[in-house]
Amino acid sequence: MTAVWIVEDDPTIRANLLFQTRELRLAPTAYESAEQLLATLAAKTSPPELLLLDVRLPGLSGVDLVRELTQRQQLPTTIIISGEASISETVEALKLGVHDFIEKPFTEERLARSIRNTLQHHHLERRVEELTSALEERRPTLLGDSAPMGQLREQIQQVAPTHARVLIQGESGTGKELIAAAIHEGSPRKDAPFIKLNCAAIPNHLIEDELFGHCKGAFTDARQDKPGLFEEAHQGTLFLDEIGDMEVELQGRLLRVLEDGKVRRVGEVVEREVDVRVIAATHANLEQAIVEKRFRQDLYFRLAHVPIQAPALRDHRQDVPTLLGHFLEEAYRRNRARPRLLEADALDLLISYSWPGNVRELRALCERLSILGAGPITAENLPEPYRTSSATAAPTEADKATFEPHAPRSLREFRASVEKQYIESVLEHTGWNVSAAARILKVQRSHLHQKLSDLGSKRPDSKPE
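For every chain, the first residue of the written sequence is number 1, and numbering continues from 1 along that sequence. Reporting in this predicted model follows two pLDDT cut-offs: at least 70 for local features of residues, and 80 or more for side-chain atom pairs to be given and counted; totals over whole chains, interfaces and linings ignore these cut-offs and use all residues. To obtain the side-chain values, all non-hydrogen atoms of the structure were included, while hydrogens and water were left out.

Q: Pulling in residues and values, what's your account of the overall build of the protein chain?
A: Strands are runs of DSSP state E lasting at least 2 residues, helices are runs of H or I lasting at least 4, and numbering of each runs from the N terminus. Counting secondary structure elements, the protein chain contains 20 helices and 14 strands. Computation of the radius of gyration draws on C-alpha atoms, with the globule rule given as 2.2 Å multiplied by the number of residues to the power 0.38. Compactness check: the protein chain gives a C-alpha radius of gyration of 31 Å against a globular reference of 23 Å for 465 residues, more than 25% above the reference. In terms of overall dimensions, the protein chain has C-alpha extents of about 95 × 65 × 50 Å along its principal axes. Within the protein chain, contacts between residues at least 6 apart in sequence are counted, and of these 71% link residues at least 24 apart. Computed by Shrake-Rupley with a 1.4 Å probe, the accessible areas treat only the displayed protein chains as cover when residues are assessed. As presented, the protein chain carries roughly 25,600 Å² of accessible surface, and 50% of it is formed by carbon and sulfur atoms. Note on contacts: a residue pair is in contact if any heavy atoms of the two residues lie within 4.5 Å.

Q: Would you mind going over the sheet that holds strand β5 (residues 100-102) in detail, with residue names and values included?
A: Taken together, the 5 strands give an open sheet; going across it, the order is β2-β1-β3-β4-β5, and neighbouring strands pair in parallel fashion. Of all the strands in the sheet, the pair left with one neighbour each is β2 (26-31) and β5. In this sheet, adjacent strand axes meet at a mean angle of 20° when their direction is disregarded. At least two bridges found by DSSP between two strands is the condition for calling them paired. To obtain an axis, a line is fitted to C-alpha atoms, over the contacting stretch when the element is a helix, and the angle between two such axes runs from 0 to 180 degrees between their N-to-C directions.

Q: Now, about the sheet that holds strand β10 (residues 237-241): what can you tell me, with residues and values included?
A: One open sheet holds the 5 strands; their spatial order is β7-β10-β13-β6-β14, and the pairing between them is parallel. Because the sheet does not close on itself, it has two edges, and the strands there are β7 (194-198) and β14 (306-309). Shown here is a sheet whose adjacent strand axes are inclined to one another by a mean of 20°, direction ignored. Across 4 bridges, strand β6 (residues 166-169) lies against strand β13 (residues 277-282) in parallel orientation. Within the sheet, the bridge partner assigned to Val166 lies in β13 and is Ile279.

Q: Can you tell me about the environment of Phe230, naming the residues and giving the values?
A: Among the structural elements, Phe230 can be located in helix α9 (residues 229-232). For the pair Phe230 and Asp10, spaced 220 residues apart in the sequence, the C-alpha separation amounts to 64 Å. If we skip the residues at most four places from it in the chain, Phe230 touches Leu211, Phe212, Leu238, Leu254, Val257, Val263, Val274, Val276 and Val278.

Q: Would you mind going over helix α20 (residues 445-455) in detail, with residue names and values included?
A: Within α20, burial applies to Leu448, Leu452 and Leu455. Angular distribution of buried residues about the axis of α20 spans 75°; they occupy a single face of the element. Away from its buried face, by an angle of more than 90 degrees, α20 presents the exposed residues Ser446, Ser453 and Asp454. Backbone geometry just downstream of α20 places Gly456 in the positive-phi region, at approximately 75°. With a 1.4 Å probe rolled over the protein chains alone, any residue whose accessible area is under 20% of its type maximum counts as buried; one over 50% counts as exposed, and the rest are partly exposed. As used here, the arc is the angular range of directions from the helix axis to the C-beta atoms.

Q: Let's hear about the side chain of Gln251: which residues, and what values?
A: Residue placement: Gln251 occurs in helix α10 (residues 248-260). Gln251 sits in the buried class, given a relative accessible area of 0%. Those residues within four positions of Gln251 in sequence are excluded, and the remaining contacts are Met246, Arg294, Phe295, Arg296 and Leu299.

Q: An account of the packing of helix α2 (residues 34-42) against helix α3 (residues 62-71) is requested, with residue identities and associated values reported.
A: Two numbers describe how α2 lies on α3: the axes approach to 10 Å, and their chain directions differ by 20°. Comparing their axes, α3 and α2 come out roughly parallel. When you trace α2 past α3, the crossing you get is right-handed. The segment α2 lies against α3, with Ala34, Leu37, Leu38 and Leu41 engaging Leu65, Glu68 and Leu69. Following the grouping adopted for this structure description, the nonpolar residues are Ala, Val, Leu, Ile, Met, Phe, Trp, Tyr, Cys and Pro, the charged ones are Asp, Glu, Lys and Arg, and the polar ones are all others, Gly among them. In terms of residue class, the contact of α2 with α3 is built from 6 nonpolar, no polar and 1 charged. Should an angle lie under 35 degrees it is considered roughly parallel, over 145 roughly antiparallel, and from 65 to 115 roughly perpendicular; all remaining angles are considered oblique. Working rule for handedness: look at the near helix, and if it is turned counterclockwise from the far one by less than a right angle, call the crossing left-handed; if clockwise, right-handed.

Q: Could you give an account of unusual backbone geometry, naming the residues involved and the relevant values?
A: Residue Lys104 is joined to Pro105 through a cis peptide bond whose omega torsion reads -10°. With respect to the secondary-structure elements, Pro105 resides in the loop between β5 and α5 (108-138). One non-glycine residue, Lys293, adopts positive backbone phi at about 65°. With respect to the secondary-structure elements, Lys293 resides in the loop between α11 (286-291) and α12 (297-303). Not every positive phi belongs to a glycine, and Trp355 is a case in point at roughly 50°. Judged by relative accessible area, Trp355 falls into the buried class, the value being 0%.

Q: Could you give an account of the pattern of salt bridges, naming the residues involved and the relevant values?
A: Salt bridge, as used here: a side-chain nitrogen of Lys or Arg that lies within 4 Å of a carboxyl oxygen of Asp or Glu. Across all of its chains, the model carries 24 salt bridges by this definition. Between Glu210 and Lys226 there is a salt bridge, and its shortest N-O distance comes to 3.3 Å. Of the two residues, Glu210 sits in helix α8 (residues 204-212) while Lys226 sits in strand β9 (residues 226-227), which places them 16 residues apart along the sequence. According to the relative accessible area criterion, Glu210 is partly exposed, its value standing at 26%.

Q: Describe the packing of helix α13 (residues 320-335) against helix α15 (residues 358-371), with residues and values.
A: The interhelical angle for the contact between α13 and α15, taken along N-to-C directions, is 45°, at an axis separation of 8 Å. It follows from the interaxial angle that α13 and α15 lie oblique. The interaxial crossing formed by α13 with α15 has right-handed handedness. Contact with α13, carried on its side by Val320, Leu323, Leu324, Phe327, Leu328, Glu330, Ala331, Tyr332, Arg334 and Asn335, involves Val359, Leu362, Arg363, Cys366, Glu367, Leu369, Ser370 and Ile371 of α15 and no other residues of that element. When the residues that make up the contact of α13 with α15 are grouped by side-chain class, the tally is 12 nonpolar, 2 polar and 4 charged.

Listed below in structure tokens is the structure:
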């Protein structure tokens with residue numbers, strides 16, 4: 001039950017408040033004076049969720065008590081009950097955090113409504129605090145104490161407070177979006193929007209509409225005006241991921257916006273001024289793309305006021321234990337799985353592994369380890385790529401083709417390749433027991449058989465037809 005303290009020197013009103021709060025299924029405790037309440041707090045009793053307080057009391061007044069509890073940071077959600085409070089007392093109490101005033105004499109309905117509203121407000125405030133705290137805990141951070149990560153943090157600290165555009169380059173999976181978010185969080189624009197667009201995930205003919213918006217009637221499905229991402233990011237930051245995949249023609253429009261700070265929606269002649277900091281990222285070699293006429297040199301110079309290189313994980317392997325601990329804990333909590341001890345032999349293999357997919361690959365492995373298997377994580381029960389002798393070799397072209405989402409093949413081929421790898425890993429875990437694998441994958445057994453046929457997956461010891 002919700003605890004409530006009542007401070008009222010009039011015995012009749014005090015008895016009435018005790019009766020009515022019990023009727024509301026609260027747990028009241030009554031005091032005749034502010035001094036009695038302070039003595040209770042001195043005995044290290046925690047404050048209640050609600051305080052019903054008279055203003056005119058013997059000794060300390062109600063406002064004096066509010067002031068004292070505020071200084072101690074022990075003021076509960078408070079309702080003042082009085083017919084004698086002056087305007088100055090009322091204003092001061094409101095400034096100190098009192099939620100409501102009830103004038104004497106009061107009706108049962110008035111008291112009940114005030115208590116319900118006050119407690120609801122208190123619960124909503126507490127929920128907001130919990131969600132804010134949870135959001136802060138989940139906020140991505142750049143983990144690692146290695147020299148490359150230290151240099152990266154130093155670069156971010158230097159560039160974040162400025163208005164300079166940043167071009168982040170690095171292999172896929174190195175956390176380029178995380179770096180962009182850290183720059184935004186450290187900038188004067190941190191309270192404004194941080195808008196993201198992956199130029200490789202959207203067809204080129206739609207990127208223009210996403211960036212610049214359109215007016216009603218600009219094309220068949222344009223039934224209403226739509227602002228683009230530049231307008232949404234006004235006074236904030238626009239992060240353009242995989243900028244190297246943008247068509248040259250669209251690069252020209254982007255260049256004009258960066259030059260004059262004005263955008264024009266598709267189908268309009270009106271230009272709108274925007275104040276946006278652009279951070280771009282790519283895994284591609286833009287210098288080579290410029291030579292091959294696939295990327296505009298003038299756009300490159302506009303974007304790369306400050307170039308930042310995201311280090312590959314193989315270049316700071318000493319951070320692997322820290323990253324493993326963080327992602328495993330995160331995966332166990334998300335999947336409600338029992339934590340597993342990571343044995344030293346397994347850790348040594350993972351530190352020496354080349355990590356062609358970088359931090360993204362490591363995070364995916366942690367997800368897999370949290371779901372599949374039980375008991376300590378040893379070298380023997382690591383997935384095959386991580387326990388072979390080739391694990392310490394530099395990443396091959398085959399490795400990069402497996403883990404690079406932008407390798408030269410279609411999205412369907414890449415998706416099928418990854419799907420086949422994961423399904424076969426689950427089947428290996430179950431000893432190629434299709435029924436058990438179907439339960440883990442949460443699909444029908446017949447559907448899994450069909451999927452294996454479509455993907456061309458066969459049990460390793462099966463004989464050729």
